[in-house]
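Chain residues, written in single-letter form:
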Amino acid sequence: MAQEKLSRDEKLNERCDVLAKVVLRLRPVYQEPATKHQKPAAKKTQMDLLETLIGAAIWYLPECEGQFTGRISIKAAKDCLQDPKAKVTKEHRYPRKQAGADLLKDKATKLTGKEVLAVYRRKWGRYNLVTKEENYALRPHQRKKGKSTNACYRAVGIILKVVPEELKDDRRIYRKRA
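A brief look at the structure comes next.

**Quick word on the overall build of the protein**
In terms of regular secondary structure, the protein is built from seven helices and four strands. Sequence-ordered secondary structure for the protein, helices as α and strands as β, is α-α-β-α-β-α-α-β-α-α-β. In terms of overall dimensions, the protein has C-alpha extents of about 60 × 50 × 25 Å along its principal axes. Looking at the 178 residues of the protein, the share that counts as buried comes to 37%. Long-range pairs, those at least 24 residues apart, make up 83% of the contacts in the protein with a sequence separation of at least 6. Within the structure as shown, the protein displays about 11,600 Å² of accessible surface, and the carbon and sulfur contribution to it stands at 55%. Here the protein holds 42 positive side-chain charges and 22 negative ones, and the gap between their average locations is 6 Å.

Written out as structure tokens, the structure is:
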């Protein structure tokens, strides 16, 4: 018997629903104070793992319309215009681990899939296009708590611009969604 396939939106809704349930169950573990027998570093490593797990779940949410900001780095645009085989990378404006921390730190006792989806669409899923090298250069800066996206971009010399007209129909920029 063939398994029925979910549409991208149905899959996104279902995954947001289950993610909300998982977060609600993990919040008490994340928020519980360290025991007197536990080293502070041990509690920190546990919290880091939980943030990474939830951040990874967010990373696995399907892409949806409107997440691309319409902005590309000058270097990525130049590469695409000069080389038809040049590739671009999605650079998520909000680090996944930080999104996981945001969800786990919240004190609310209720969380719905609709709430997770709304923040995913508005904040966590938004991305710009950059080169692979620019993406790697950003990582150490994004790990610093409290550093804004724009400050991270400035630190590595990334300047964003609106996708040039010549690239508007390029499949590398605007991939067709199923």
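Moving on from the coordinates now.
**Things to note about the pattern of salt bridges**
Enumeration according to the criterion identifies seven salt bridges in this entry. The closest approach of N and O atoms between Glu63 and Lys90, which form a salt bridge, is 2.2 Å. Here Glu63, found in the loop between helix 2 (40-59) and strand 1 (68-73), pairs with Lys90, found in strand 2 (residues 89-92); they are 27 residues apart in sequence, far enough to count as distant. Under the relative-accessibility criterion, Glu63 is labelled buried at 17%. When the shortest N-O distance is used, the salt bridge between Lys75 and Asp79 registers 3.1 Å. One end of the pair, Lys75, and the other, Asp79, are both in helix 3 (residues 74-82), four residues apart, so they sit about a helical turn from each other. Take Lys75: its relative accessible area is 43%, and that puts it in the partly exposed class. Residues joined in a network through salt bridges with shared partners are Lys44, Asp48, Glu51 and Lys97.

**Side note on a positive patch on the surface**
There is a patch of like positive charges on the surface, built from Lys5, Arg8, Lys11 and Arg15. Taking relative accessible area as the criterion, Arg15 reaches 36% and is therefore assigned partly exposed.

**Quick word on the packing of helix 1 (residues 8-31) against helix 2**
Put simply, helix 1 and helix 2 touch, their axes get as near as 11 Å, and they point 175° apart. As far as their axial angle goes, helix 2 and helix 1 are roughly antiparallel. Only Lys43, Met47, Leu50, Glu51, Ile54, Ala57 and Ile58 of helix 2 make contact with helix 1, whose side of the interface consists of Leu19, Val22, Val23, Leu26, Val29 and Tyr30. Broken down by class, the residue content of the contact of helix 1 with helix 2 amounts to 11 nonpolar, no polar and two charged.

**Quick notes on the environment of Ala118**
Here Ala118 is to be found in helix 5 (residues 113-124). When its relative accessible area of 38% is taken as the criterion, Ala118 is described as partly exposed. In the structure, Ala118 is positioned 26 residues away from Lys144 in sequence and 25 Å away in space, judged by C-alpha atoms.

**As for the packing of helix 1 against helix 5**
Any two packed helices are characterised by how steeply their axes cross, that is the angle between the axes, and by the distance between the axes. The interhelical angle for the contact between helix 1 and helix 5, taken along N-to-C directions, is 115°, at an axis separation of 7 Å. In this view, helix 1 runs roughly perpendicular relative to helix 5, as classed from their interaxial angle. The handedness of the crossing between helix 1 and helix 5 comes out as right-handed. Residues Asp9, Leu12, Asn13, Cys16, Asp17, Leu19 and Ala20 of helix 1 form the contact with helix 5, whose own contacting residues are Gly113, Lys114, Val116, Leu117, Tyr120 and Arg121. Looking at the contact of helix 1 with helix 5 residue by residue, the class counts come to seven nonpolar, two polar and four charged.

**A look at the sheet that holds strand 3 (residues 127-130)**
Two pairing modes exist for strands in a sheet, parallel and antiparallel, and in both the strands are linked by backbone hydrogen bonds. Spatially, four strands are ordered 2-3-1-4 in an open sheet, and the strand pairing comes out mixed. Each of the sheet's edge strands pairs with one partner strand only, and the pair in question is strand 2 and strand 4 (160-162). The average undirected angle you get between the axes of adjacent strands in this sheet is 40°. Of the pairings in the sheet, the one linking strand 1 to strand 4 comprises three bridges and is antiparallel in character. Each bridged residue has a counterpart across the sheet, and for Arg71 the counterpart in strand 4 is Val162.

What counts as what
Residues numbered from 1 in each chain as written. Predicted model: local features only at pLDDT ≥ 70, side-chain atom pairs only at ≥ 80, totals over all residues. Heavy atoms only, no water. Helix = DSSP H or I, 4+ residues; strand = E, 2+ residues; numbered from the N terminus. Buried < 20%, exposed > 50% of the residue type's maximum accessible area, 1.4 Å probe, protein only. Contact = heavy atoms within 4.5 Å. Areas by Shrake-Rupley, 256 points an atom, 1.4 Å probe, with all protein chains shown as cover. Lys, Arg positive; Asp, Glu negative; His and termini not counted. Charge placed at Lys NZ, Arg CZ, Asp CG, Glu CD. Salt bridge = Lys/Arg side-chain N within 4 Å of Asp/Glu carboxyl O. Patch = residues over 30% accessible without salt bridge, like charges linked within 9 Å, V, L, I, M, F, W, Y side chains within 5 Å. Axes fitted to C-alpha atoms, helices over the stretch in contact; angles between N-to-C directions. Parallel < 35°, antiparallel > 145°, perpendicular 65-115°, else oblique. Nonpolar A, V, L, I, M, F, W, Y, C, P; charged D, E, K, R; others polar. Left-handed = near helix turned anticlockwise from the far one by under 90°. Pairing = 2+ DSSP bridges.

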